[in-house]
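Structural features, examined
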Amino acid sequence: MKIITQREYAEANLRLEKLLKQIRDDTIENSAFSKELIQLSNIVEQYEEKHFPIESPTLKEMIELRMFEMGLKRKDLAKLLNTSPSRISEYLNGKREITLKIAKSLHKKLNIDGDLILK
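Described in the following lines is the structure provided in the data block. (Residues numbered from 1 in each chain as written. Predicted model: local features only at pLDDT ≥ 70, side-chain atom pairs only at ≥ 80, totals over all residues. Heavy atoms only, no water.)

A look at the pattern of salt bridges
Scanning the model with the defined rule gives 6 salt bridges in all. Glu69 is paired through a salt bridge with Arg66; the nearest N and O atoms lie 3.3 Å apart. Of the two residues, Glu69 and Arg66 are both situated in helix H3 (residues 59–70); the distance of 3 residues between them amounts to about one turn of the helix. The salt bridge involving Glu90 is made with Arg96; its shortest N-O contact spans 2.7 Å. Through salt bridges with shared partners, a single ionic network connects Arg87, Glu90 and Arg96. (Salt bridge = Lys/Arg side-chain N within 4 Å of Asp/Glu carboxyl O. Helix = DSSP H or I, 4+ residues; strand = E, 2+ residues; numbered from the N terminus.)

Quick look at the layout of surface pockets
Taken as a whole, the largest pocket holds about 300 Å³ of empty space. At the level of secondary structure, the elements contributing two or more residues to the lining of the largest pocket comprise H3, helix H5 (85–92) and helix H7 (114–118). Its residues assigned to classes, the lining of the largest pocket comprises 10 nonpolar, 3 polar and 4 charged. (1 Å grid on protein atoms, 1.4 Å probe; cavity = no way out; pocket = protein on both sides within 12 Å on 5 of 7 lines; lining within 4 Å. Points joined across faces, edges and corners; volume = space filled by probe spheres on them. Nonpolar A, V, L, I, M, F, W, Y, C, P; charged D, E, K, R; others polar.)

Focus: the side chain of Arg66
Judged by its relative accessible area of 17%, Arg66 falls in the buried class. Engagement of the side chain of Arg66 in a polar contact is seen with the backbone oxygen of Asn111, the distance being 3.1 Å. In contact with Arg66, other than residues within four places in its own chain, are Leu110, Asn111 and Ile112. (Buried < 20%, exposed > 50% of the residue type's maximum accessible area, 1.4 Å probe, protein only. Polar contact = N/O pair within 3.5 Å; in protein donor to acceptor, adjacent residues only side chain to side chain. Contact = heavy atoms within 4.5 Å.)

The structure is reproduced here in structure tokens:
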């Protein structure tokens, strides 16, 4: 079975909700409900991966997320990274490439994945 239309996707999600209400912690793994739940979940997942892909965040988005999580303003981030607020603006607006020193600081101080920084 494969979900092709938006309507089939909606119907599959409704069926998943019904199955989840019927399955309890003591439900046998090999029961018909459990098997259907697993099969339908896989089918829905395949449809979602194709039609609603989740992209990796950009470096700018990740920096802004960390700033939000840590309650930092641009001037606070500049101080943390030992640079100027105007330089932070240039990095975030894409007007300047991030230096190796700043990349290391982003990784260590903001816990941003090195792979994302190097993209």
